[in-house]
Amino acid sequence: MNPLAVKVGTLELTNPVLAASGTFGYGLEFDGFFDVAELGGICTKGLSLAPRQGNTPPRICETPAGMLNAIGLANVGVEAFCREKLPTLRERGVTVIANVFASSVDDFVRLTDRLSGETGVHALELNISCPNVKEGGIEFGKDPRLAAEVTRSVRQATDLPLWVKMSPEAGDIPEVGRAVEAAGADALTAINTIRGTSIDPETGINRLHNRTGGLSGPALRPIALRIVSELVAAVSIPVIGIGGVSTVNDAVEFFLAGAVAVQVGTASFADPCAAKKILDGLAELCTRRGVTVTELTGNGRTL
Ligand SMILES: Cc1cc2nc3c(=O)[nH]c(=O)nc-3n(C[C@H](O)[C@H](O)[C@H](O)COP(=O)(O)O)c2cc1C
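Asker: What exactly am I supposed to notice about the overall build of the chain here?
Answerer: Scanning the chain for helices and strands turns up nine helices and 16 strands. On C-alpha atoms alone, the chain measures out to a radius of gyration of 18 Å, which is about the 19 Å that the 2.2 N^0.38 rule sets for 303 residues. The buried share of the chain, reckoned over its 303 residues, is 54%. Looking at the chain alone, contacts between residues at least 24 apart form 68% of all its contacts between residues at least 6 apart. Total accessible area on the chain stands at roughly 12,800 Å², and carbon and sulfur atoms take up 51% of it. The averaged location of the 33 negative side-chain charges in the chain is 2 Å from the averaged location of its 27 positive side-chain charges.

As structure tokens, then:
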């Protein structure tokens, strides 16, 4: 028996360590570091219908225990992804979770239709931390009704496992989680970044051209862990933890809080092999303690 195997709804993963969207390109950029097919899966850079250049640089900066990014969702677009990236990922046996975003429900459904027609996409992850233009720019993920609407529409359009990525900026995150679960999500992923700002004290110039960016990295971890715990208590579908996972012990914290798997993001910028090292460390830990990852899950004593 493989002690690392986990089930995320109907999707079986060989292990619970995945690469987080936007921090791992399309997986192929990590050639020469390690075999990315060894990971439980990779979440692609967020895909849109049309290619996007993203924001004007500077668009990342370091912060204490983390970083800010205002990449602006630059990506090659879904067509180029399906034509140029997916065939290689498929050949190599990589478990691909296609992360998608759009500014309308219809465009989310168009992306879903396009990706559902391809073999080699194992699940969809909806990034709902983006504005809905028809609703005056309110982020889907901040409003339970909008989050449920987009989830329901995508659910009706595909049989692929559907993961919905929680915005940490919603007022009542468990309420959004419950709404998304009722609308047909197979799993929740939590969390996306939290907006922040950084100003150079010498020049007075904002370190990001966009002025604000998403905070990620270890600074986020206690918040992510709290939100994962709340979601695990609020819903019956699996929750995948993301936010500052840099070591195997960080991953274990999320399992103890009830997450069935983790995603590694910012840590891959400091060490491209971070996710692989966490995976190897987890295999070693399970052997040493004589436990499976599933046995670790949800065993935090104070929860
Ligand atoms: C440079 C950068 C780009 C990101 N792009 C995306 C994206 O396209 N879609 C998405 O859902 N999340 C995106 N994220 C958020 C990450 O997937 C993750 O939720 C967040 O960074 C917290 O995890 P971490 O602390 O391990 O990085 C991005 C994060 C970073 C740092």
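What follows picks up the thread again.
Asker: Looking at this structure, I do not really get the sheet that holds strand S8 (residues 123–127). What am I missing?
Answerer: Note on sheets: strands pair through backbone hydrogen bonds, and any given pair is parallel or antiparallel. Pairing in this closed barrel of eight strands is parallel, and the strands run S3-S4-S7-S8-S11-S12-S15-S16 around the ring. For this sheet the average axis-to-axis angle between neighbouring strands, irrespective of direction, equals 25°. In this sheet, strand S7 (residues 96–100) lies alongside strand S4 (residues 41–43) in parallel orientation, the contact comprising two bridges. Among the inter-strand pairings, Ile42 is bridged to a residue of S7, identified as Val96.

Asker: Mind showing me how you'd approach the packing of aromatic side chains here?
Answerer: The geometry of two aromatic rings is summed up by the distance between their centres and the angle between their planes. This model, assessed by the stated rule, comprises five aromatic pairs. With a centroid separation of 6.3 Å and 50° between ring planes, the pair formed by Phe24 and Phe34 is classed as tilted. Highlighted residues: Phe24 in the loop between strand S3 (17–19) and S4 and Phe34 in the loop between S3 and S4, separated in sequence by ten residues. Each member of the pair, Phe24 together with Phe34, is buried.

Asker: Can you help me understand helix H1 (residues 78–91) in this one?
Answerer: Given 3.6 residues per helical turn, the α-helix brings residues three or four places apart onto the same face. For H1, with 14 residues, the first-to-last C-alpha span of 19 Å sits near the 20 Å given by 1.5 Å per residue. The largest bend in H1 is about 45°, located at Lys85, with the proline Pro87 one to four residues further on. Residues Val78, Ala80, Phe81, Cys82, Lys85, Leu86 and Leu89 constitute the buried set of H1. Buried positions along H1 lie against S4, S7 and helix H2 (105–116).

Conventions adopted
- Residues numbered from 1 in each chain as written.
- Predicted model: local features only at pLDDT ≥ 70, side-chain atom pairs only at ≥ 80, totals over all residues.
- Heavy atoms only, no water.
- Helix = DSSP H or I, 4+ residues; strand = E, 2+ residues; numbered from the N terminus.
- Rg over C-alpha atoms; globule rule 2.2 N^0.38 Å.
- Buried < 20%, exposed > 50% of the residue type's maximum accessible area, 1.4 Å probe, protein only.
- Contact = heavy atoms within 4.5 Å.
- Areas by Shrake-Rupley, 256 points an atom, 1.4 Å probe, with all protein chains shown as cover.
- Lys, Arg positive; Asp, Glu negative; His and termini not counted.
- Charge placed at Lys NZ, Arg CZ, Asp CG, Glu CD.
- Pairing = 2+ DSSP bridges.
- Axes fitted to C-alpha atoms, helices over the stretch in contact; angles between N-to-C directions.
- Phe/Tyr/Trp six-rings, centres within 6.5 Å; stacked < 30°, edge-to-face > 60°.
- Expected span 1.5 Å × (residues − 1).
- Bend = angle between axes of the 7 residues up to and from the residue.

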